[in-house]
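Structure at a glance
The chain contents come next:
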Amino acid sequence: MIIKSYDLDTPSIYVYHSADTDIDEFKEVLWGIEEEEIPYIVKQMEFDDSETLSHEASLKSRLSIGIGINKEKIILTTNKLKKDKPLFCIDFNQELKDFRNLGANGARLVKGIELKKI
């Protein structure tokens, strides 16, 4: 089940991805967010840089959590962190469990509970 929100006022984690990535490549990230029962919004952006994608997503999110995805990296950040100092950064060649844990950690930041190991 993919949770999508069409109401712009719904507090959600924003997941921005570049045009060269397909949603099937990062479903594990979304499933990690879903496991923690936090809504999210996925949007394709014109940016290619994962730092910019995550930073812009965190600024748009009412929950202040953003995930940026391109062909090389997946980055999790908050709007309180500098663009070049994200909270988590993983390469696309890491294990799928790391993808899921990154998504879960984004949701756990919202909940204020212990983060999973990546």
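Cut-off values and rules
- Residues numbered from 1 in each chain as written.
- Predicted model: local features only at pLDDT ≥ 70, side-chain atom pairs only at ≥ 80, totals over all residues.
- Heavy atoms only, no water.
- Helix = DSSP H or I, 4+ residues; strand = E, 2+ residues; numbered from the N terminus.
- Rg over C-alpha atoms; globule rule 2.2 N^0.38 Å.
- Buried < 20%, exposed > 50% of the residue type's maximum accessible area, 1.4 Å probe, protein only.
- Contact = heavy atoms within 4.5 Å.
- Pairing = 2+ DSSP bridges.
- Axes fitted to C-alpha atoms, helices over the stretch in contact; angles between N-to-C directions.
- Patch = residues over 30% accessible without salt bridge, like charges linked within 9 Å, V, L, I, M, F, W, Y side chains within 5 Å.
- Areas by Shrake-Rupley, 256 points an atom, 1.4 Å probe, with all protein chains shown as cover.
- Salt bridge = Lys/Arg side-chain N within 4 Å of Asp/Glu carboxyl O.
- Lys, Arg positive; Asp, Glu negative; His and termini not counted.
- Charge placed at Lys NZ, Arg CZ, Asp CG, Glu CD.

In this section: the overall build of the chain. Scanning the chain for helices and strands turns up three helices and five strands. Start at the N end of the chain and walk to the C end: the helices and strands fall as β-α-β-α-β-β-β-α. Taking 2.2 N^0.38 as the reference for a compact globule, 118 residues should give roughly 13 Å; the C-alpha atoms of the chain span a radius of gyration of 12 Å, in line with that estimate. By its C-alpha atoms, the chain is 30 × 30 × 30 Å across when sized along the principal axes. By residue count, 46% of the 118 residues in the chain fall in the buried class. Long-range pairs, those at least 24 residues apart, make up 57% of the contacts in the chain with a sequence separation of at least 6.

In spatial order, the strands read 2-1-3-4-5; together these five strands make up an open sheet with mixed pairing. Every interior strand has two partners, whereas the edge strands, strand 2 (40-44) and strand 5 (88-91), have only one. The average undirected angle you get between the axes of adjacent strands in this sheet is 15°. By the bridge criterion, four bridges tie strand 4 (residues 73-78) to strand 5 in an arrangement that is antiparallel. What sits directly across from Lys73, in strand 5, is Asp91. Against the sheet, helix 1 (residues 27-35) makes contact with strand 1 (13-17), strand 2, strand 3 (65-69) and strand 4, and its axis sits at roughly 160° relative to strand 2, the strand it touches most.

Moving on to a negative patch on the surface. A grouping of Asp20, Asp48, Asp49, Glu72 and Asp91 is seen on the molecular surface, where their side chains present a negatively charged patch. Its location among the elements puts Asp91 in strand 5.

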